[in-house]
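# Remarks on the overall topology
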Amino acid sequence: QVQLVESGGGLVQAGGSLRLSCAASGRTFSKYTMAWFRQAPGKEREFVAGISWAGQNTEYTDSVKGRFTISRDNAKNTVYLQMNSLKPEDTAVYYCNTRVGAIFDWGQGTQVTVSS
């Protein structure tokens, strides 16, 4: 079973940047379209960005388009999320998983807090 470990979160002022990483164990990682999700306090987990298995296709939720960039390095079994021009409404715990079905067990996530 693939295990996911998210990292790179922190406290940043509005307008700042962070780069999140999601390291996956297991050899099957590269077969899947992966995605980042986030969950803010009192809200449901929502999709943020996705990337196809070879990285040729990406998709983003409207609120992050033009600010966030998802990428992956299958040789390192890692998915990244570069977050620029951060806003207070981006504050949440960020998770990665497969785009469809959240096939893998959820990791602990990484907290992103954006102050105004």
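An account of the accompanying structure is given in this report. As the structure is a computational prediction, the values presented were derived from the model and not from experiment. (Residues numbered from 1 in each chain as written. Predicted model: local features only at pLDDT ≥ 70, side-chain atom pairs only at ≥ 80, totals over all residues. Heavy atoms only, no water.)

## Notes on the packing of aromatic side chains
The geometry of an aromatic ring pair is captured by two quantities: the separation of the ring centres and the angle between the planes. Here the structure, examined in full by the defined rule, presents four aromatic pairs. Measuring from ring centre to ring centre gives 5.2 Å for Tyr32 and Phe104, while their planes differ by 80 degrees; the resulting arrangement is edge-to-face. Residue Tyr32 is found in the loop between β3 (18–24) and β4 (34–39), and its partner Phe104 is found in the loop between β9 (92–98) and β10 (110–115); the two are separated by 72 residues along the sequence. Of the residues examined, Phe104 reaches a relative accessible area of 4% and is grouped as buried. Each ring, one from Tyr95 and one from Trp106, has its centre 5.8 Å from the other, and the planes form 80 degrees; the classification is edge-to-face. One end of the pair, Tyr95, is in strand β9; the other, Trp106, is in the loop between β9 and β10, and eleven residues separate them in sequence. Here Tyr95 falls in the buried class, since its relative accessible area comes to 13%. Taken together, Phe37, Phe47, Tyr95 and Trp106 form an aromatic cluster joined through their ring pairs. Between the NZ or CZ atom of Arg45 and the centre of the ring of Trp106, over which it lies, the distance is 3.7 Å. (Phe/Tyr/Trp six-rings, centres within 6.5 Å; stacked < 30°, edge-to-face > 60°. Helix = DSSP H or I, 4+ residues; strand = E, 2+ residues; numbered from the N terminus. Buried < 20%, exposed > 50% of the residue type's maximum accessible area, 1.4 Å probe, protein only. Lys NZ or Arg CZ within 6 Å of the ring centre and 35° of its normal.)

## A word on the sheet that holds β10
Here we have six strands laid out as an open sheet, ordered β2-β10-β9-β4-β5-β6, and mixed in their pairing. Where the open sheet ends on each side, the last strands, each with one partner, are β2 (10–13) and β6 (58–60). Pairwise comparison of adjacent strand axes, ignoring direction, gives a mean angle of 25 degrees for this sheet. Bridge count between β4 and strand β5 (residues 46–51): five bridges; the pairing is antiparallel. Across the sheet, the residue bridging to Phe37 is Phe47, located in β5. (Pairing = 2+ DSSP bridges. Axes fitted to C-alpha atoms, helices over the stretch in contact; angles between N-to-C directions.)

## Details of the pairing of strand β8 (residues 78–83)
Counting buried positions along β8 gives five out of six residues, so the element sits mostly inside the fold. Examined bridge by bridge, β3 and β8 share six bridges and lie antiparallel to one another. Bridged to Ser21 within β8 is Tyr80. Relative to β8, strand β7 (residues 68–73) runs antiparallel, the two sharing six bridges. In the sheet register, Thr69 faces β8, and the bridge partner there is Gln82. Hairpin geometry of β7 and β8 is characterised by an intervening segment of four residues between the two adjacent antiparallel strands and by a positive phi of about 50 degrees at Asn77.

## Points about the pattern of salt bridges
Taken as a whole and assessed by the stated rule, the structure comprises five salt bridges. For Lys65, the salt bridge goes to Asp62, with nearest N and O atoms at 3.0 Å. With relative accessibility at 61%, the residue Asp62 sits in the exposed group. Among the ionic contacts, a cluster of salt bridges with common partners joins Arg38, Glu46, Arg67 and Asp90. (Salt bridge = Lys/Arg side-chain N within 4 Å of Asp/Glu carboxyl O.)

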